[in-house]
Number of protein chains: 2
Amino acid sequence: MRSESGPKRPVTLDDVARAAGVSQPTASRVLNGSARKVAESYRERVLEAARALGYTPNLPAQAMARGTSRTIALVTSLISDPYFGALAAEILKQAEAVGLHVSIAVTERRADRELDLVRELRGQQPRAIILAGSGSVDPPSEQPLVDELRRYEETGGRVVLISRSDLPFDTVDFDNHEGARQLARELAGIGYRRCLVLGSDTPLLSMRRRVEGFVHGLADAGVAGARVRHPQFSWVGARDVVLGLSNDELRDLQLVFAVTDDMALGALAGLRERGLRIPEDIGVAGFDDITTLRDVVPALTTVHVALDAVAEEAVYRATTPDPEPTRRTVPAYPVVRASTPRLLS
Amino acid sequence: MRSESGPKRPVTLDDVARAAGVSQPTASRVLNGSARKVAESYRERVLEAARALGYTPNLPAQAMARGTSRTIALVTSLISDPYFGALAAEILKQAEAVGLHVSIAVTERRADRELDLVRELRGQQPRAIILAGSGSVDPPSEQPLVDELRRYEETGGRVVLISRSDLPFDTVDFDNHEGARQLARELAGIGYRRCLVLGSDTPLLSMRRRVEGFVHGLADAGVAGARVRHPQFSWVGARDVVLGLSNDELRDLQLVFAVTDDMALGALAGLRERGLRIPEDIGVAGFDDITTLRDVVPALTTVHVALDAVAEEAVYRATTPDPEPTRRTVPAYPVVRASTPRLLS
DNA sequence: TTGTACGCGTTATCAC
DNA sequence: GTGATAACGCGTACAA
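In this text the structure is predicted, and so the values were computed from the model without any measurement.

Participant: So what's going on with the packing of aromatic side chains? Which residues, and what values?
Facilitator: Taken as a whole and assessed by the stated rule, the structure comprises four aromatic pairs over all chains. A ring pair is formed by Phe214(A) and Phe257(A), whose centres lie 4.2 Å apart and whose planes are at 5 degrees; its orientation type is stacked. Residue Phe214(A) is located in helix α9 (residues 205-220), and its partner Phe257(A) is located in strand β8 (residues 255-258); the two are separated by 43 residues in the primary sequence. Its relative accessible area of 0% is what places Phe257(A) among the buried residues. Ring geometry for Tyr83(B) and Phe84(B): centres 4.8 Å apart, planes at 70 degrees, overall edge-to-face. Take Tyr83(B): its relative accessible area is 9%, and that puts it in the buried class. Here Arg210(A) stacks its cationic end above the ring of Phe287(A), 3.8 Å away from the centre of that ring.

Below, the structure written as C-alpha cells:
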C-alpha cells in the first residue's frame, strides 16, 4: 500500500534554508554555484539540510531566474533508423559530458512537423537547438523555418545543423561528396565499371551529393555514364527498383551503390530475390557504415562517417557563441569489404 | 552577416497582451486554454498579435505557474543499442501523440548513474519518469533508487518501469519467461536437443527469466540439461564464449540460444570463425526481434516483442493516476526463421 | 466577461 | 559574508 498522504509539496530551497537556519539566498549560493563565498559553518549546515531533505533544484525555476537553461533540444528525423539512433546516442553522450540535458523530438521526415517542433521547442527555452537530418535541396521552401530559427537565435539561443547544408546557421556535416567519390575511385580501381546508383526521391541535399560524388569518382577513373535511379528513400524503395529491372539490365550490372546502407541492404535483398549471389554475381555498396550491420553477410562495403566527431562538434558549437555561421566538415572515407571483392578483368 | 542587435528578450504574454490592447490574463486565457470565455473580438486580436509577434509560451514558466509540466523523462540504458533505440522511438511517438515532450537520459548500464539521473531528472519537474531496461535481480541494492522514486511520486509524479520486475511501481514488461519457453518448445518440436544457452553476467532479472523460460521449455518437451553459460552481456561476450568452446563441445551442439539478438549474432559470428556453417551445421536463436536485423542471413529465429504496445502502455500509465502499483505484461512469442531449420532426426 | 494582485522557486542586486 | 527585495513569465483566485 502506498502512502495516502496526498501530493506533498516538493522540497524547495526555502525549506532547506529554514532547516539550516540561514536565508534563502545563502542556501542558493551554497547549493548552486555562485561566485560569492559562504562561511564554512553555514556551508556545512546547508549541505547537511539539503541532503537530509532530499533537495533537488527546480530546474524550470532556475531557468526562469537565470534566463537560461541547461537543456538542448534535438530535432531528428527518425530515431528508430539505426543511423539517426547512433547519432542521437552520440549527442546524448557528448551533451551529458558537459552537463546538458537533451530533449528529443522526431519529425518523421515531414518538413511541416519540423517547423512546428522548432516552435514548440523554443518554448522550452533550451540553450541550443540541434537539427539533424533532413535538409532540402530546395532552400526557398525552408524560409519559415529559417525565420523561426532566427527568432530563436536573436533571443540568445544557438542553432546547429547536422548534415544539411542549406540553411544559414552553424553547420556540421560530413563530406558526402568526397566520401562517395573516393569510394567510386576505389571500386573502379578494383575493376567495377557498370554501376547502378540508387539515389533518393526526396529532395535531400546530402543524398544528392552522394550521388554526384560517386558519379564524379567514376569519371575520375575514366568510367562514364553510370545509371542513376531515384527510388523511394527506404529499404523497400531500393529493393523495388532492383525487382523492377529487366533481366538484361540486371545481367549487365557489376555493382549497385545506394546512398545509404539501409537502401543498400534493400537492394541486396532484391538482388537475392532475383537469384543473384552477392558478391559472386554482383557487388553492393552503401553509405553510413552503420554499426548494427556488422553481422550482415557479406560484410558491406560502405563509406564510414565518424558520428562521434560529428556529435562532439555539434555539441561544442551548441555551447559556444559564434558571431558568424560556421561550417565544419567531418571527413568520410570508404571502407571496402567483402560485398565488393576485386574483379578479375 | 547576422543581425548585431544583441540578444533580444523573447516575446512574452505581456507583449502580446499589450499589442492586443488587453490585459495579460485575458491573453493567457485565449492562448493557453482556460475554462473561461473571452469575447470574440478580443480573442481575435490576441491571436493576431500572438501570430504577428511569433509568441511561444515559455514552458518553464508555465510549468512553474501550473505546478506541472508536459514533459516526461525517459531513463534508458543505451540508446545506440537497436533494441533500446526502437523502444525509445516508440515512446517518443506515443508521447507526442498525447502532446508530451520527452527528455532522454542514458545510464550506460551503471546502477549508480541511474540514481543520479533520477535525482537530476526530478529537478526538471517532469510529469512522469519512465525507467526502461536494467533491473537488477538484487532488489535490496536498489533501495536508494526506490526511495528517490518514492519521493518523486509523493510530489505527484508518476513512475513507470519497463521490463524490470523488481521495484514497487507501475510496471510494463513482456513475458520473458513464456516467450523463451515457447521458443524452446517449438525448437524442441522440430528436432533440437543439445542446446547451449547464453545468459548474461549482469544481474538482470529479465535476462535470467529468459534463461529459465528456455530451460523450462526444453524440459516441457522432455529435453533435459541444457548447458548454460553467462558471458559478458554483449555481442563480444557471446562470441568469446563460442570461441572458447572445445572442438568436442562444439561438435556436439545443435543450437545456440542467446538471451538477446545482439548476443545471438555475436555467437553466430563466433561459430563462423570456428568454421561452422549456419544453419547447416548448427542453429542459432535470439530474443527481441530487432527490426534492423532483417537483413542478417540466415534470418534469425527469435522471440518477438511488441514494443509499440509496450510503449503505448507505458505512456498511458505515465499519464494516468493510479493508486496502486500495477503490472501489465505484454505477450512475447517465438518467430522461427531460417537460422533454425527443422532437423532430420 | 475582464482586470488586479499575488504566488510559483529561483537568482541577482543591493544595502547592511 | 549575509539577508531583504525585486525580478523572471505565467496561471489563477478574487474583485470589479
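Participant: How would you summarise the UniProt feature "domain: HTH lacI-type" (unreviewed entry) in chain A if you had to cite specific residues and measurements?
Facilitator: When the UniProt feature table is mapped onto this chain numbering, "domain: HTH lacI-type" (unreviewed entry) sits at residues 11-66 of chain A. As annotated, residues 11-66 of chain A comprises 68% helix and 0% strand, and the C-alpha atoms at either end are separated by 20 Å.

Participant: So what about the protein's contact with DNA strand D? Which residues, and what values?
Facilitator: Every one of the 25 residues lining DNA strand D counts as a neighbour, but Thr26(A), Arg29(A), Ala39(A), Leu13(B) and Tyr55(B) are closest to it. Thr26(A) is positioned with one of its side-chain polar atoms (N or O) 2.5 Å from a phosphate oxygen of DNA strand D. Here a phosphate oxygen of DNA strand D sits 2.7 Å away from a polar atom, N or O, in the main chain of Ala39(A). Put simply, the parts of the chain that give the surface near DNA strand D at least two residues each are α2 (24-31) and α4 (59-66) of chain A together with α2 (24-31) and α4 (59-66) of chain B. No other element matches α4(B), which puts five residues into the surface near DNA strand D. Residue composition of the surface near DNA strand D, by class: 13 nonpolar, eight polar and four charged.

Participant: Which residues make up the protein's contact with DNA strand C, and what values go with them?
Facilitator: Near DNA strand C lie 26 residues; those nearest to it are Leu13(A), Gln24(A), Ser28(A), Tyr55(A) and Arg29(B). Backbone atoms, meaning sugar and phosphate, form 62% of the atoms of DNA strand C found within 4 Å of the protein. Between DNA strand C and Ala39(B) there is a distance of 2.8 Å, counted from a phosphate oxygen to a backbone nitrogen or oxygen. Within the residue set of the surface near DNA strand C, elements represented by two or more residues are α2 and α4 of chain A together with α2 and α4 of chain B. In terms of residue count, α4(A) provides more of the surface near DNA strand C than any other element does, five residues in total. Of the residues belonging to the surface near DNA strand C, the class tally is 13 nonpolar, eight polar and five charged.

Participant: Could you give an account of the packing of helix α8 (residues 176-189) of chain A against α9(A), naming the residues involved and the relevant values?
Facilitator: Residue and element names in this part refer to chain A. Contact geometry of α8 with α9 gives a least axis separation of 7 Å together with a crossing angle of 35 degrees. Crossing of α8 against α9: the hand is right-handed. Contacts between α8 and α9 involve Asn 176, His 177, Ala 180, Arg 181, Leu 183, Ala 184, Arg 185, Leu 187 and Ala 188 from the first element and Ser 206, Arg 209, Arg 210, Glu 212, Gly 213, Phe 214, His 216, Gly 217, Leu 218 and Asp 220 from the second.

Participant: Tell me about the side chain of Ser339(B), and please be specific about residues and values.
Facilitator: All names here are of chain B. As for its position among the elements, Ser 339 is in the segment after β12 (332-335). Of the residues examined, Ser 339 reaches a relative accessible area of 0% and is grouped as buried. Non-local contacts of Ser 339, meaning those with residues more than four positions away in its chain, are made with Pro 279, Ile 282, Gly 283, Val 284, Pro 298, Ala 299, Leu 300 and Thr 301.

Calculation rules
Residues numbered from 1 in each chain as written. Chains lettered and ligands numbered in written order. Predicted model: local features only at pLDDT ≥ 70, side-chain atom pairs only at ≥ 80, totals over all residues. Heavy atoms only, no water. Phe/Tyr/Trp six-rings, centres within 6.5 Å; stacked < 30°, edge-to-face > 60°. Helix = DSSP H or I, 4+ residues; strand = E, 2+ residues; numbered from the N terminus. Buried < 20%, exposed > 50% of the residue type's maximum accessible area, 1.4 Å probe, protein only. Lys NZ or Arg CZ within 6 Å of the ring centre and 35° of its normal. UniProt positions renumbered as here; feature names shortened; annotations may be inferred. Near = heavy atom within 4 Å. Polar contact = N/O pair within 3.5 Å; in protein donor to acceptor, adjacent residues only side chain to side chain. Nonpolar A, V, L, I, M, F, W, Y, C, P; charged D, E, K, R; others polar. Axes fitted to C-alpha atoms, helices over the stretch in contact; angles between N-to-C directions. Left-handed = near helix turned anticlockwise from the far one by under 90°. Contact = heavy atoms within 4.5 Å.

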